[in-house]
Amino acid sequence: MIEGFLGAERFEIKVRLEGDKLLGRVGGALMARDVKLDLTATGVTGRVGGSNGFAVQLSLEAGELIGFVGNDPINLRGVDAVTGTLGDGFAAMEFSARESGTRLIGSLGGLLGKPFTLELGGAPGWLGALVVLVAFYALEKHKSS
């Protein structure tokens, strides 16, 4: 189980890794979004938020996960120490996180952005990082669904 909170709002994150699938939800009872992602040797695909939600389409290229979360481009680098961006241009948000024991601790959007802490439950840090970015997109940028 990967679980924790994102930002001062304490958006809840609860997902589990079942084989090659990442299943669960992000957000609290009133604004929860289901997460259903497939992990392959070449990337990550799936949907968040059901049929009214958004697609996740990432491929592994030269050691980076590159692709789209909804309409925003994303790239993630690293395994235990993960950096990357969500979005592009002036709207891009920087991401950095580091594993500390069984936790992933970091911030989305720099020093004044959204801090987070996740219990990884044995999952690699890059997977926790992806979950944080998907949660942020689902709860902050894709509010209309």
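See the structure shown above.
Right, let's walk through the structure included here. These numbers come from a predicted model, not from an experiment. (Residues numbered from 1 in each chain as written. Predicted model: local features only at pLDDT ≥ 70, side-chain atom pairs only at ≥ 80, totals over all residues. Heavy atoms only, no water.)

**Side note on the pairing of strand 12 (residues 114-119)**
Put simply, the rule is: When a residue's accessible area, from a 1.4 Å probe over protein chains only, is under 20% of the maximum for its type it is buried; when over 50% it is exposed; and in between it is partly exposed. Numbered from the N terminus, helices here are DSSP runs of H or I no shorter than four residues, and strands are runs of E no shorter than two. At least two bridges found by DSSP between two strands is the condition for calling them paired.
Every second residue of strand 12 is oriented toward a common face, the buried set being Lys-114, Phe-116 and Leu-118 and the non-buried set Pro-115, Thr-117 and Glu-119. Pairing analysis gives 4 bridges linking strand 1 (residues 2-6) to strand 12, with the strands arranged antiparallel. Bridged to Glu-3 within strand 12 is Glu-119. Where strand 11 (residues 103-108) meets strand 12, 6 bridges bridge the pair, whose relative direction is antiparallel. Each bridged residue has a counterpart across the sheet, and for Ser-107 the counterpart in strand 12 is Pro-115.

**What about helix 1 (residues 125-141)?**
Rules: Each helix should span, by expectation, one fewer than its residue count multiplied by 1.5 Å.
The terminal C-alpha atoms of helix 1, which comprises 17 residues, lie 23 Å apart, in line with the 24 Å expected from a rise of 1.5 Å per residue. Judged by how many residues are buried, helix 1 sits mostly within the fold: 14 of 17 residues are covered.

**Points about the sheet that holds strand 2 (residues 11-18)**
For the record, the criterion: To get an axis, fit a line to the C-alpha atoms, keeping to the stretch in contact for a helix; angles then go from 0 to 180 degrees between the N-to-C directions. In what follows, residue pairs with any heavy atoms lying within 4.5 Å of each other are defined as contacts.
Overall, antiparallel pairing links the 12 strands, which are arranged 1-2-3-4-5-6-7-8-9-10-11-12 in a closed barrel. Taking the axes of each pair of neighbouring strands and ignoring which way they run, one obtains an average angle of 15 degrees across the sheet. Alignment of strand 4 (residues 33-40) against strand 5 (residues 43-48), held across 6 bridges, turns out to be antiparallel. Within the sheet, the bridge partner assigned to Leu-37 lies in strand 5 and is Gly-46. The strands that helix 1 touches are strand 1, strand 2, strand 3 (21-26), strand 4, strand 5, strand 6 (54-61), strand 7 (64-69), strand 8 (72-77), strand 9 (81-86), strand 10 (93-100), strand 11 and strand 12; relative to strand 8, the one it contacts most, it runs at about 160 degrees.

**Regarding the side chain of Arg-33**
The condition that has to hold: By the counting rule applied here, Lys and Arg register as positive and Asp and Glu as negative, while His and the ends of each chain are not counted. Between Lys or Arg on one side and Asp or Glu on the other, a salt bridge is scored when a side-chain nitrogen of the former is within 4 Å of a carboxyl oxygen of the latter. Whenever two N or O atoms come within 3.5 Å, that pair is a polar contact, provided that in protein one can donate a hydrogen and the other can accept it, and provided that, for residues adjacent in sequence, both atoms are side-chain atoms.
By the element assignment, Arg-33 lies in strand 4. One buried charge, Arg-33, has no salt-bridge partner; the nearest side chain with opposite charge is Asp-34, at 9.1 Å. Reaching out from Arg-33, the side chain makes a polar contact with the backbone oxygen of Met-31 at a distance of 3.5 Å.

Keep in mind these numbers describe shape, not what the thing actually does.
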